[in-house]
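Here is what each chain is made of, one letter per residue.
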Amino acid sequence: MATIDAPSQVSFQQDAEILRKACKGWGTDEKAIISVLGHRNAAQRKQIRLAYEELYQEDLVKRLESELSGDFERAVYRWILDPADRDAVLANVAIKKLSPDLHVIVEISCTRSPEELLAVRRAYQARYKHSLEEDVAAHTKGDTRTLLVALVTAFRYDGEEINTRLANSEAKILHDAVEDKKFNHEEVIRILTTRSKMQLMATFNRYSDDHGASITKHLQGDSGDEFLLVLRTAVRCLNDSKKYFEKVLHNSIRRMGTDEDALTRVIVTRAEKDLKDIKELYHKRNSVALEQAVAKDTSGDYKALLLTLLGKED
Amino acid sequence: MRTGCYKLFCEDEHQFEWWNHNAIKNLKVEFKRFEDVVVLSLMHPWERDARLLKKALKKGPPQYNVIVEIACTRSSDQLLGARIAYHSLFDRSIEEDIVSNIKGSERKLLVALVRAYRYEGPNVKKDTTRSEAKTLFNAIKNVDTRKVMEDDDVVNILSTRSKPHLKEVYTQYMKLSDKTITEELEVELLLKETIECLCTPQTYFTRVFDTALRDDANEGAKKALTRLIVTQEGGEMKEVAAKFEKQIEERVKGAYKDVLVGVLRKEEK
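Calculation notes
- Every chain's residues receive numbers from 1 upward, in the order its sequence appears when written.
- Going through the entries in the order they are written, you letter the chains from A and number the ligands from 1.
- At least 70 in pLDDT is required for a residue's local features to be given in this predicted model, at least 80 for side-chain atom pairs to be given and counted, and no such filter applies to totals for whole chains, interfaces and linings, which use all residues.
- Values shown for side chains rest on all heavy atoms present in the structure; no hydrogens or waters enter the calculation.
- A run of H or I in DSSP counts as a helix once it spans at least four residues, and a run of E counts as a strand once it spans at least two, with each numbered from the N terminus.
- The cut-offs for exposure are 20% and 50% of the maximum accessible area for each residue type, with area from a 1.4 Å probe on protein chains only; residues under the lower value are buried, those over the upper are exposed, and the others partly exposed.
- The contact criterion used throughout is that any non-hydrogen atoms of two residues lie within 4.5 Å.
- Areas reported here follow the Shrake-Rupley algorithm with a probe of radius 1.4 Å; residue values treat only the protein chains shown as occluding.
- In this charge count, Lys and Arg are treated as positive and Asp and Glu as negative; neither His nor the chain ends contribute.
- Note on charges: their place is set at NZ of Lys, CZ of Arg, CG of Asp or CD of Glu.
- In this scheme Phe, Tyr and Trp rings, the latter by its six-membered ring, pair at centre separations within 6.5 Å, and the angle between planes marks the pair as stacked below 30 degrees, edge-to-face above 60, and tilted otherwise.
- The rule for a charge over a ring is simple: NZ of Lys or CZ of Arg within 6 Å of the ring centre, and within 35 degrees of the ring normal.
- Angles shown run from 0 to 180 degrees and are taken between the N-to-C directions of axes, each axis being a line fitted to C-alpha atoms and, for helices, limited to the stretch in contact.
- Working rule for angles: under 35 degrees goes down as roughly parallel, over 145 as roughly antiparallel, 65 to 115 as roughly perpendicular, anything else as oblique.
- Residues are grouped as follows: nonpolar covers Ala, Val, Leu, Ile, Met, Phe, Trp, Tyr, Cys and Pro; charged covers Asp, Glu, Lys and Arg; every other residue, Gly included, is treated as polar.
- The term buried area refers to how much accessible surface (probe radius 1.4 Å) is lost by two components on association, counted for both of them together.
- Salt bridge criterion: a side-chain nitrogen from Lys or Arg within 4 Å of a carboxyl oxygen from Asp or Glu.
- Nine residue types can take part in a nonpolar core, namely buried Ala, Val, Leu, Ile, Met, Phe, Trp, Tyr and Cys, and a core is a set of them joined through side-chain atoms within 4.5 Å.

Notes on the overall build of chain A
Per the secondary structure count, chain A includes 20 helices and 0 strands. For the C-alpha atoms alone, the extent of chain A along its principal axes is close to 65 × 45 × 40 Å. Taking all 314 residues of chain A together, the buried fraction comes to 52%. Counted over contacts in chain A with a minimum sequence separation of 6, partners at least 24 positions apart contribute 70%. If you sum the accessible surface of chain A, you get close to 14,600 Å²; carbon and sulfur atoms cover 48% of it. The positive charge centre, built from 49 side chains, and the negative charge centre, built from 52, are 2 Å apart in chain A.

Focus on the packing of aromatic side chains
In total, this model carries 7 aromatic pairs over all chains according to the counting rule given. The positively charged end of R45 of chain A is found above the aromatic ring belonging to W79 of chain A, 3.8 Å away from the centroid.

Here we look at the packing of helix α15 (residues 226-239) of chain A against helix α16 (residues 241-252) of chain A
Packed helix pairs are characterised by how far apart their axes lie and by the angle those axes make with each other. All names here are of chain A. Orientation of α15 relative to α16, taken along the N-to-C sense of each, is 120°, at an axis distance of 5 Å. By the angle between their axes, α15 is oblique relative to α16. Between α15 and α16, the contacting residues are T233, R236, C237 and N239 on the first element and S241, Y244 and K247 on the second. Of the residues in the contact of α15 with α16, the class split is 2 nonpolar, 3 polar and 2 charged.

Description of the interface of chain A and chain B
At the interface, 28 residues of chain A touch 27 residues of chain B. Surface buried jointly by chain A and chain B totals about 2,400 Å² across both partners, of which 48% is contributed by carbon and sulfur atoms. For chain A, the biggest contributors to the area lost against chain B are E134, F155 and Y157 of chain A; these three give 26% of the whole. Viewed at the interface, chain B and chain A are joined by 5 salt bridges.

Description of unusual backbone geometry
Residue and element names in this part refer to chain A. In the Ramachandran plot, K129 falls in the positive-phi region, its phi being about 60° despite a non-glycine side chain. Inspection of the secondary structure assignment puts K129 in the loop between α8 (114-128) and α9 (132-138). Under the relative-accessibility criterion, K129 is labelled partly exposed at 38%.

Examining the nonpolar core
Ranked by size, the top nonpolar core spans 93 residues in total, and within it L64, L192, I267 and V294 of chain A carry the most contacts. In terms of residues, this core owes the most to one element, α15 of chain A, which gives 8 residues. Beyond its immediate stretch of four places on either side in the chain, L64 of chain A contacts C23, I33, L37, E73, V76 and I80 of chain A. One finds A50, A112, V169 and I181 of chain B within the second-largest nonpolar core, a separate group that totals 71 residues.

Remarks on the pattern of salt bridges
For the structure on display, the rule yields 50 salt bridges over all chains. Across the salt bridge formed by R145 of chain A and D153 of chain B, the nearest N and O atoms sit 2.4 Å from each other. Residue R145 of chain A is located in helix α10 (residues 142-153), and its partner D153 of chain B is located in helix α8 (residues 152-160); the two belong to separate chains. Residue classification places D153 of chain B among the partly exposed positions, given a relative accessible area of 34%. It is possible to trace a salt-bridge network through shared partners that takes in E170, E187, R190 and R195 of chain A together with E96 and R107 of chain B.

Focus: the side chain of S162 of chain B
Here S162 of chain B is to be found in the loop between α8 and α9 (163-176). Owing to a relative accessible area of 2%, S162 of chain B belongs among the buried residues under this scheme. Every residue in contact with S162 of chain B, bar those within four places of it in the chain, is listed here: E134 of chain A together with R118 and Y119 of chain B.

Right, dumping it as structure tokens:
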């Protein structure tokens, strides 16, 4: 379930005016920005941008980019974009890093629905004049590349049907591949990138039933093996995405410093999806509410925005 | 009426008019062709392509070029549409079916081609096209170690790059070799067809038309005629078809010809 609290009746013009006022003159009224944008869903945010453009002949996003800074600016920027556009930006940022954040690519391709992933690919082309797969391929090599390109170009069947015989045989193939450290990567990649999510979950369950441990446990290993890491992330995202996101959040709020990139990314991308469930999971596993942990580890307007997106009452 | 049609009916000693099986069989085939044109024309392009893909998979290796044709000559959104339609019609993804039905060396290439969502703008990075031409060149040189269509780098280039980019790669290749890429790939027909469809579609269309209109053309080749004319939108096929119009008029018969030529001419207006 979503965490953000957006009223059903909204005046986009009024919102645009408030935002304009918040940005005009000396300094910026960040509280006003948070109180409007933090309580609007994707469709509403889009309308606000259009209203703003019509009223003031200016792109609201560009205006905010110039007015704000730091972690707060990055969070607002990601929040205000359309979900598909946002994912395109996140993917591009991840790829273009000196040492690409491959797990972000896996995350996007494995936790979004098939239609959402298509929308991301379209948005990516519109923005960067390249296909997403081209850029992924250009910055990776070997089996990692093969796996990532296949994940990013997959258009999985969306249905609920499961073929138990197939789940059985493919669980065996996966187990054989995992056991034999020399790994038939092709078969593993084929299964992971063509089967529907329901089918894969059935396969993973079968794997655990047959071997007493989850496949993710068996995939733990040499952290220097990039392919293994990417593969494991893919399995985790496909098998139980909420558990995966909880872990990312947990790791991002470390004792020594915070990984704001990851924190922003998860909160912003899941706030309208299943952040509530992820929060509950976090609470269960860490004995402290996510809001508390975030409040302790962040500050200022950045903290205020995150807490608003987490559903905290003003 | 029957007594006038010697070719279709023959009298026996009881003066009963049987119909001539062979002649009727031919009639049926002709009508089926007509039916195919009509049905294909009326279908939504996405459903059409999805069904063509399914059929090609069922028929096996001689029809794999249809998969290449659809994956490489449709626009990015049309190919996407076909994948969506495939889900709805068959409750599976096309990738899954290709993987289940094809076990040979073509599998990697075909799966990759079908997943492409190519950028369609004109931007092309010349440096990259040069290095990718070199990659292809090396892969072709090493064909004794491994089939070119099984080379990961080759598959990657052919399935992720935009068509304008690949056309430039094709041109760059000619600086490295006195043959074109397609000339070098006579042994791997499917790969050759892939490159033709992506870089020089007119060559592909010409060959299909030519084969279909020959005297010894088989059913598959003739069906290709229907398929190309009905499913190809856009100028390139039409330009090629114009060159074959006279042959089509001569070799194709009856209602099938009328509807085929009608479809061809209709879109010209």
